[in-house]
Amino acid sequence: MSPDTPLTEQGFLSEPDALTQTDTLSAELAALKARNRQLEKINAALIERVESSSPSPSAPYAAFEHAVLLADQVRERTDALHRTLDELGALNRRLTAAKAAAEAANHSKTRFLAAISHDLLQPLNAARLFASALEEQLALDASLPGDAISDIMPGDASQGISTPGELVARLGRSLADVESLLGTLVDISRLDAGVLTADVAVFPVRELLDVLAEEYRQLGAARGLELHYVASHLSIESDLQLLARVVRNFLSNALRHVPDGSMRGRVLLGCRRRGDWLEITVADNGPGIAEHQREVVFQEFRRLAPRQDNEQRGLGLGLAIVKRITGLLEHPLSLTSTPGRGAAFAVRVPIRQPASVVGSAADASSPGPPCASPLAQPLLDTVIWVVEDDREVCAGMQSLLGGWGASVYCADDAEVLLQQAVTAPQVLIVDHQLGEGQPDGLKQAQRLQQRWPGLPVVVISADHSAPLKARARALGFGFLLKPVKPLRLRQLLVNCR
């Protein structure tokens, strides 16, 4: 048998079966070849299309390399993006934690400011009351015939020994310096913490300026300076305490920088109508401010000029606070100056005059009358109840108000006064923050008003918050901030009678 003969069933294939298998393989091979030719045509067409769209014969390979490079870059950029997102997420978490810590710190600062406003200003308030009472008593004694006071407590300036009046004046100035420094620090801290809000209300501008004019007229007279005041009968819309802070700073700077000695220093506090605005101006005949310094003076920790004497103290924050307060109140602020001739600071406040009096004589400006003389007794025989839990403040109030001729009853609770006082009150003075567990001063005042309807009430507080001021105003109560300024207190009490 030939070697090419296929095997049969017993070991070799039959010839027909072998042919059939060969035909099958040949058919499959032909189909594969046809498929290969088709794929080659498709590949050739794709290559031709790619090459026809590229100016260079090597473009297909370059495109392949570029695609590979792009894929690598995309992968790298994707990995970098993921890393950046992870870092950003971690940074956001840190920022969230830092923000929470900052808010907690601000909250702690707010609580600290509330504590310092009451706990530090409380003894300062008492000292201010005692100093004012002593100053007025000495002035009254000095007005008596004879030289009894000088005989008892002599003073010799040539030997460096001050008279009692000079000592009291120095004590008052020192207390005013402490008050100003503390007030400045509290104000700037409240502004930074964002907790200072305006309590805007309509009030006669003279309610603010009359007291400031008299206060600074006396301060100026002690230095041989002259203050001229031009008042207005218009009403304005603002926050009385914040606006007082602005005008007080203007006046303090003016008195500090006007000349004393051979050339008499003059300061003007006046009002002028500017359309729907009232412009409150403080002008002086001091050295003035150079043009290149007019923006600098409103920056923090910048002073207008070096201190002229050791009695002038300050942090260089006054005008910076003025700028921020006027911005909060949305009151335009301006400064004009001629070097060598003086400067004028002004703030514009919106007028809120009732339509029935607009254009009447109430619009006219006129010189403001001075307050009652310190030697007078404007509260003679006036019965005043004082609700205050600090014994030193009570004693200071009794000394000051008693010097004004009032009969004063003081206790730490209204119920105690109801039991002990023998005369009904004509005016009530209450501290807002009383002892722990006691109703606040406003609630106690309301309780006494139920017994004596129409009883005038003056609230005294170290709390600068707008809600408290609005609450007192809604109840018809007067409101003063600590430390109490005696002139302001006296004017309020005289108006209450």
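Right above here is the structure, for reference.
Everything in this summary refers to the structure shown in the same document. (Residues numbered from 1 in each chain as written. Predicted model: local features only at pLDDT ≥ 70, side-chain atom pairs only at ≥ 80, totals over all residues. Heavy atoms only, no water.)

1. Some remarks on the packing of helix α6 (residues 205–222) against helix α7 (residues 240–257)
Piece 1. Axis separation between α6 and α7 bottoms out at 11 Å; the angle between their running directions is 25 degrees. On the basis of the axis angle, α6 is roughly parallel to α7. Classified by chirality, the crossing of α7 by α6 is right-handed. Across the interface between the two elements, E207, L208, L209, L212, E215, Y216, L219 and G220 from α6 touch L240, L243, A244, V247, R248, L251, S252 and L255 from α7.
Piece 2. For the contact of α6 with α7, a count of residues per class yields eleven nonpolar, two polar and three charged. (Axes fitted to C-alpha atoms, helices over the stretch in contact; angles between N-to-C directions. Helix = DSSP H or I, 4+ residues; strand = E, 2+ residues; numbered from the N terminus. Parallel < 35°, antiparallel > 145°, perpendicular 65-115°, else oblique. Left-handed = near helix turned anticlockwise from the far one by under 90°. Contact = heavy atoms within 4.5 Å. Nonpolar A, V, L, I, M, F, W, Y, C, P; charged D, E, K, R; others polar.)

2. Observations concerning the state of the cysteines
Piece 1. According to the stated counting rule, one finds one disulfide in the structure shown.
Piece 2. Through a disulfide, C394 is tied to C410; the S-S separation comes to 2.3 Å. Because the sign of the S-S torsion sets the handedness, a value of about -60 degrees for the bond joining C394 and C410 places this disulfide among the left-handed ones. Here C394, found in helix α9 (residues 391–403), pairs with C410, found in strand β10 (residues 407–411); they are 16 residues apart in sequence, far enough to count as distant.
Piece 3. For C394, a relative accessible area of 10% puts it in the buried group. (Disulfide = S-S within 2.5 Å. Buried < 20%, exposed > 50% of the residue type's maximum accessible area, 1.4 Å probe, protein only.)

3. A look at the nonpolar core
Piece 1. Counting residues in each nonpolar core, the largest one holds 47 residues, and the members touching the most others are L209, L243, V247, L251, L269 and I280.
Piece 2. Secondary structure elements with two or more residues in this core: α5 (164–193), α6, β2 (226–232), α7, β4 (266–274), β5 (277–284), α8 (318–329) and β7 (342–350).
Piece 3. Of all the elements, α7 adds the most residues to this core, at ten residues.
Piece 4. Counting residues in hydrophobic clusters, the runner-up holds 22 residues, among them L129, I384, M397 and L400. (Core = buried A, V, L, I, M, F, W, Y, C linked by side-chain atoms within 4.5 Å.)

4. Brief notes about the pairing of strand β6 (residues 333–338)
Piece 1. Both β6 and β7 contribute to a ladder of six bridges, which runs antiparallel. Across the sheet, L335 pairs through a bridge with F345, a residue of β7.
Piece 2. Following β6, the chain reverses through three residues before pairing antiparallel with β7; G340 in that reversal takes a positive phi of roughly 90 degrees. (Pairing = 2+ DSSP bridges.)

5. Observations regarding unusual backbone geometry
Piece 1. The residue after K482, namely P483, is reached through a cis peptide bond having omega -10 degrees.
Piece 2. Topologically, P483 is positioned in the loop between β13 (478–481) and α13 (486–496).
Piece 3. Of note, the phi angle at E330 is positive, near 60 degrees, even though the residue is not glycine.
Piece 4. For E330, the location among the structural elements is in the loop between α8 and β6.
Piece 5. Given a relative accessible area of 66%, E330 falls into the exposed group.
Piece 6. A positive phi is found at D381, a non-glycine position, where the angle reads about 65 degrees.
Piece 7. Inspection of the secondary structure assignment puts D381 in the loop between β8 (365–367) and β9 (383–387).
Piece 8. Look at D381 and you get exposed, because its relative accessible area is 59%.

6. A closer look at the packing of aromatic side chains
Piece 1. Tallied over the entire structure, the rule returns two aromatic pairs.
Piece 2. Plain terms: the ring middles of F250 and F345 are 5.4 Å apart, the flat faces sit at 25 degrees to each other, and that makes the pair stacked. Of this pair, F250 sits in helix α7 while F345 is found in strand β7, placing the two residues 95 residues apart along the sequence. We note that F250, like F345, is buried.
Piece 3. Ring centres of W385 and W452 lie 5.4 Å apart, and the angle between their planes is 85 degrees; on these two criteria the pair is classed as edge-to-face. In this pair, W385 is assigned in strand β9 and W452 in the loop between α11 (441–451) and β12 (457–461), connecting sequence segments 67 residues apart. (Phe/Tyr/Trp six-rings, centres within 6.5 Å; stacked < 30°, edge-to-face > 60°.)

7. Comments concerning a nonpolar patch on the surface
Piece 1. Judged by side-chain polarity, L81, L85, L88, L91 and L95 come together as a nonpolar surface patch covering roughly 450 Å² of accessible area.
Piece 2. Structurally, L81 is set in helix α2 (residues 59–119). (Patch = residues over 30% accessible without salt bridge, like charges linked within 9 Å, V, L, I, M, F, W, Y side chains within 5 Å. Areas by Shrake-Rupley, 256 points an atom, 1.4 Å probe, with all protein chains shown as cover. Salt bridge = Lys/Arg side-chain N within 4 Å of Asp/Glu carboxyl O.)

8. Topic: the packing of α6 against α13
Piece 1. Put simply, α6 and α13 touch, their axes get as near as 9 Å, and they point 135 degrees apart. Viewed along their axes, α6 and α13 adopt a mutual orientation that is oblique. In the crossing of α6 with α13, the sense of the turn from one axis to the other is right-handed. Where α6 abuts α13, its residues R206, E207, D210, V211, E214, E215 and Q218 lie against L487, R488 and Q491.
Piece 2. Residue composition of the contact of α6 with α13, grouped by class: two nonpolar, two polar and six charged.

9. Re the pattern of salt bridges
Piece 1. Tallying each qualifying case throughout the model produces twelve salt bridges.
Piece 2. A salt bridge links R248 to E215; the nearest nitrogen and oxygen atoms lie 2.8 Å apart. Highlighted residues: R248 in helix α7 and E215 in helix α6, separated in sequence by 33 residues.
Piece 3. Given a relative accessible area of 13%, E215 falls into the buried group.
Piece 4. One salt bridge connects K469 with D239, and the closest N-O pair in it is separated by 3.8 Å.

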